[in-house]
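Structural features, examined
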Amino acid sequence: MPSIDHNCPDPQLTDILRRELKRQRVKLEMIASENFVSEAVLRVGASVFTNKYAEGYPDNRYYGGCEHADELESLCQARIRKIFNCEHVNVQPHCGSSANMAAFFAVLNPGDPILGMSLAHGGHLTHGAPVNFSGRLYKTEFYGVREDNELIDYDELLAKAESHRPKLIIAGGSAYPRTIDFERFREIADRVKAYLMVDMAHFAGLVAAGLFPSPVPVADIVTTTTHKTLRGPRGGLILCRKSLAKAIDDQIFPGIQGGPLMHIVAAKAAALGEALEPEFIDYQRQIVKNAQRLATHLADSGFRLVSGGTDTHLILVDLRPKNLTGLAAERALDKAGVTANKNAVPFDRQNYAVTSGLRFGTAALTTRGFKERDMDQVAEFIVEALRRPDEDGYLTKIRQRVEAFTQAFPLYPNLDF
Ligand code: DSN
């Protein structure tokens, strides 16, 4: 592939871009919601489609000159329908939050009751958190995990559904490391005559590869981002049955968005093209193997993992037995060249800005070519750093070793500034 020349005549900007590229290359990227797109996706995402307004949908636009935009959007839709076997998809959400907002607006009125997973137990802001539009517009109730095994408490879910009578139940989250029983969610939703929405943002790549149960056959609406395990550009998607297609489309445009970001739709199409290749399944398998190896190594080194391990790309470490906060651990790891984020653990007593947990994901490192033995080394870096989190000199030495280690996994070798 020819080199991608991102040179721009603005030295101030070029300098920022160059430093960000270096940061991504020399640190271990372990934020569970991040990944590295391919050079092809990067290139397509920076294409001339950034210039085009295309409000509306294929063959029904509010602007002229949309013939190629129409073809592009239809191609993107077709690829998603093929991968996820869904009846309808809207590829225009700018992000996961707008996907969720449009989904809510399609089936709810302000003041309606909803039931989502508690943010404190691994849910997401848009699933009803009071600080979010979802918590402000709707009457919210939450389910969580059991204290003994830290798995979703389906009995509590049923009890809350029966008492709260939600119009919409939301499954999925951003810090739950285990498989979800979507059939069980469906049964409960049917019992109280609620819509079921699944936010599969974190595990969409695993669903695409058949490594996580697909919510598509049982949910009324499935939303996702495209930039996590799915390894596409930053953006969102909404999948639904044909019967909800018009309501969903109307809520994305003109409901909450204006012109779609057609360059991002192009990049989504490129990423979904990659997801249709057989290698994508191998990639997703490796993500899970890497997460499980990391989990085993951390557990063997004395760390307590929420739910005891993982079925996915994601691990949640409970730092309470180590008398360490998530904030302190995140800072120490950053100094040691490991990028991860502090995260609440179930039944956490610390506030959200501090927390008692750390969340790790393996999608990005797996994209760089990391295998299980490499995860052993990554785990060692983490264990060493968290052993002496207050010693800057010691952490700097680890960072130097991390930088040397990352040299064996070139990232965007053709990208130049
Ligand atoms: N903020 C994302 C995450 O980190 O999980 C979810 O939107």
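Below is a summary of the structure that appears in this document. (Residues numbered from 1 in each chain as written. Predicted model: local features only at pLDDT ≥ 70, side-chain atom pairs only at ≥ 80, totals over all residues. Heavy atoms only, no water.)

1. What to know about the sheet that holds strand β6 (residues 113-117)
- Read across the sheet, seven strands follow the order β5-β11-β10-β9-β8-β6-β7 without closing on themselves; strand pairing throughout is mixed. The two strands at the open ends of the sheet, each matched to only one other strand, are β5 (88-90) and β7 (139-143). Across this sheet, the average inter-strand angle for adjacent strands is 20 degrees, counted without regard to direction.
- Where strand β8 (residues 168-171) and strand β9 (residues 195-199) come together, four bridges link them in parallel fashion. Residue pairing in the sheet places A171 in a bridge with V198 of β9.
- Each of β5, β9, β10 (221-225) and β11 (236-240) touches helix α9 (residues 242-256); the most contacted strand, β11, lies at about 150 degrees to it. (Pairing = 2+ DSSP bridges. Helix = DSSP H or I, 4+ residues; strand = E, 2+ residues; numbered from the N terminus. Axes fitted to C-alpha atoms, helices over the stretch in contact; angles between N-to-C directions. Contact = heavy atoms within 4.5 Å.)

2. A closer look at empty space enclosed by the protein
- By the definition in use, this model includes two cavities of 30 Å³ or more.
- By volume, the largest cavity is sized at about 80 Å³.
- In terms of lining, the largest cavity is formed by 14 residues, of which the most central are G173, Y176, I180, H202 and F203.
- The class makeup of the residues in the lining of the largest cavity is seven nonpolar, six polar and one charged.
- Estimates place the volume of the second largest cavity at around 30 Å³.
- The wall of the second largest cavity is formed by Q92, P93, H94, P260, L261, I264, V265 and K268.
- A breakdown of the residues in the lining of the second largest cavity according to their chemical character gives five nonpolar, two polar and one charged. (1 Å grid on protein atoms, 1.4 Å probe; cavity = no way out; pocket = protein on both sides within 12 Å on 5 of 7 lines; lining within 4 Å. Points joined across faces, edges and corners; volume = space filled by probe spheres on them. Nonpolar A, V, L, I, M, F, W, Y, C, P; charged D, E, K, R; others polar.)

3. Section: a nonpolar patch on the surface
- A cluster of nonpolar side chains, namely Y53, Y62 and Y63, defines an oily patch on the protein surface of about 370 Å² accessible area.
- Residue position: Y53 is located in the loop between α2 (39-45) and β3 (56-57).
- Among the residues examined, Y53 registers a relative accessible area of 46% and is labelled partly exposed. (Patch = residues over 30% accessible without salt bridge, like charges linked within 9 Å, V, L, I, M, F, W, Y side chains within 5 Å. Areas by Shrake-Rupley, 256 points an atom, 1.4 Å probe, with all protein chains shown as cover. Salt bridge = Lys/Arg side-chain N within 4 Å of Asp/Glu carboxyl O. Buried < 20%, exposed > 50% of the residue type's maximum accessible area, 1.4 Å probe, protein only.)

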